[in-house]
Amino acid sequence: MGHLTTCVVFFLLAFVTYTYASGVFEVHNNCPYTVWAAATPVGGGRRLERGQSWWFWAPPGTKMARIWGRTNCNFDGAGRGGCQTGDCGGVLECKGWGKPPNTLAEYALNQFSNLDFWDISVIDGFNIPMSFGPTKPGPGKCHGIQCTANINGECPGQLRVPGGCNNPCTTFGGQQYCCTQGPCGPTELSRWFKQRCPDAYSYPQDDPTSTFTCQSWTTDYKVMFCPYGSVHNETTNFPLEMPTSTLEVA
């Protein structure tokens, strides 16, 4: 009986630790249109109307993680369909990465020196203005960042696609733009993104100015689509939505 009681106590302590530990992510839609939020490898996906939030918990050690928004989606009652931007294999609950263009929030929790590493990236292009940061800012580079420029409206013609602005790697490929075979530097096109979003990754080796850190277990995080003051170009860059599913997700 004593062994059973001890097990129950440990279970309750583990539950409380899980429930109240840092590593909780809030994804909030401040856009005047529907955004289908996506998150991998934990989270999946959720439809967010204007003003709605979605919370999920990412365990320590989570890495290569992404949060992004999908636009102009159409899903059936089984959660299958597609999106104009950010589509992840035609499903509401994402398991893999999204199809460019999509503005990314990236993170890795409790890594080297017990730090969380996180960033905003336009390496996969841009579709929705975004802010990302800790709910409890700390010293150094533990503070919120954003990418809210009029990238869709000003996108260079060769990168422009329906609903967003592609990154040059997606459009042209090759070592110059994709940096897949060793060191590389910025290009004229990556500098175009960097000038508009100085804190965001603009090409794969843009680490010094684009990686942010917080001490692990000291804060939760919030991603906001269309943060206050951003340019969202609803009419120009976001056509009328396709008919939406009757699927309701709490």
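Before reading on, note that the structure itself is shown above.
Residues numbered from 1 in each chain as written. Predicted model: local features only at pLDDT ≥ 70, side-chain atom pairs only at ≥ 80, totals over all residues. Heavy atoms only, no water.

### Comments concerning the overall build of the protein chain
Looking only at helices and strands, one finds 6 helices and 14 strands in the protein chain. For the protein chain, with 250 residues in total, the buried portion stands at 49%. Counted over contacts in the protein chain with a minimum sequence separation of 6, partners at least 24 positions apart contribute 65%. Approximately 11,900 Å² of the protein chain is accessible, and the part contributed by carbon and sulfur atoms is 58%. (Helix = DSSP H or I, 4+ residues; strand = E, 2+ residues; numbered from the N terminus. Buried < 20%, exposed > 50% of the residue type's maximum accessible area, 1.4 Å probe, protein only. Contact = heavy atoms within 4.5 Å. Areas by Shrake-Rupley, 256 points an atom, 1.4 Å probe, with all protein chains shown as cover.)

### Re the nonpolar core
In this structure, Phe25, Ile67, Tyr107, Phe132, Ile151 and Phe225 are the most contacted members of the largest nonpolar core, which totals 43 residues. Beyond its immediate sequence surroundings of up to four residues, Phe132 is in contact with Phe25, Ala105, Glu106, Tyr107, Trp118, Asp119, Ile120, Gly144, Ile145, Tyr221, Lys222 and Val223. The next biggest cluster of nonpolar side chains, apart from the first, holds 6 residues, and it includes Ala38, Val91, Cys94 and Leu104. (Core = buried A, V, L, I, M, F, W, Y, C linked by side-chain atoms within 4.5 Å.)

### A short note on the state of the cysteines
Enumeration over the complete set of coordinates arrives at 8 disulfides. A sulfur-sulfur distance of 2.0 Å marks the disulfide that ties Cys142 to Cys214. Note on the Cys142 and Cys214 pair: the S-S dihedral is about 100°, so by sign convention the disulfide is right-handed. One end of the pair, Cys142, is in the loop between β9 (130-134) and β10 (145-147); the other, Cys214, is in strand β13 (residues 212-215), with 72 residues separating them in the sequence. With relative accessibility at 4%, the residue Cys142 sits in the buried group. On the accessibility criterion, Cys214 (2% relative accessible area) is buried. (Disulfide = S-S within 2.5 Å.)

### Focus: the environment of Phe132
Relative to the assigned elements, Phe132 resides in strand β9. Under the relative-accessibility criterion, Phe132 is labelled buried at 2%. Sequence separation between Phe132 and Ile120 is 12 residues, and the spatial gap between their C-alpha atoms is 7.0 Å.

### Examining the pattern of salt bridges
Per the counting criterion, the structure on display carries 6 salt bridges. For the salt bridge of Glu154 with Arg196, the shortest nitrogen-to-oxygen distance reads 3.1 Å. Residue Glu154 is located in helix α2 (residues 151-154), and its partner Arg196 is located in helix α5 (residues 188-196); the two are separated by 42 residues in the primary sequence. Residues Asp206 and Lys194 are paired through a salt bridge, measuring 2.9 Å at the closest nitrogen-oxygen approach. Of the two residues, Asp206 sits in the loop between α5 and β13 while Lys194 sits in helix α5, which places them 12 residues apart along the sequence. What you see here is one network of salt bridges that share partners, running through Arg66, Glu106 and Asp124. (Salt bridge = Lys/Arg side-chain N within 4 Å of Asp/Glu carboxyl O.)

### Re the sheet that holds strand β1 (residues 24-29)
Overall, mixed pairing links the 5 strands, which are arranged β4-β1-β14-β9-β10 in an open sheet. Strands with a single pairing partner mark the edges of an open sheet, and in this sheet they are β4 (53-57) and β10. This sheet shows a mean twist of 15° between the axes of neighbouring strands, independent of strand direction. Two elements, β9 and strand β14 (residues 221-225), share 5 bridges in a ladder whose sense is antiparallel. Paired with Pro134 across the bridge in β14 is Tyr221. (Pairing = 2+ DSSP bridges. Axes fitted to C-alpha atoms, helices over the stretch in contact; angles between N-to-C directions.)

### Describing the packing of aromatic side chains
Enumeration over the complete set of coordinates arrives at 10 aromatic pairs. Considering the side-chain rings of Trp54 and Phe56, the 5.1 Å spacing of their centres and the 45° angle between planes classify their relative orientation as tilted. Residue Phe56 is classed as buried on the basis of its relative accessible area of 9%. The ring of Trp97 has Arg66 sitting right over it, with the charged end atom 3.4 Å from the ring centre. The ring of Phe212 has Lys141 sitting right over it, with the charged end atom 4.6 Å from the ring centre. (Phe/Tyr/Trp six-rings, centres within 6.5 Å; stacked < 30°, edge-to-face > 60°. Lys NZ or Arg CZ within 6 Å of the ring centre and 35° of its normal.)

### Comments concerning the side chain of Asn152
Turning to its location among the elements, Asn152 is positioned in helix α2. Overall, the relative accessible area of 2% leaves Asn152 in the buried class. Within the structure, the side chain of Asn152 is placed 3.1 Å from the backbone oxygen of Asn127, a separation counted as a polar contact. (Polar contact = N/O pair within 3.5 Å; in protein donor to acceptor, adjacent residues only side chain to side chain.)

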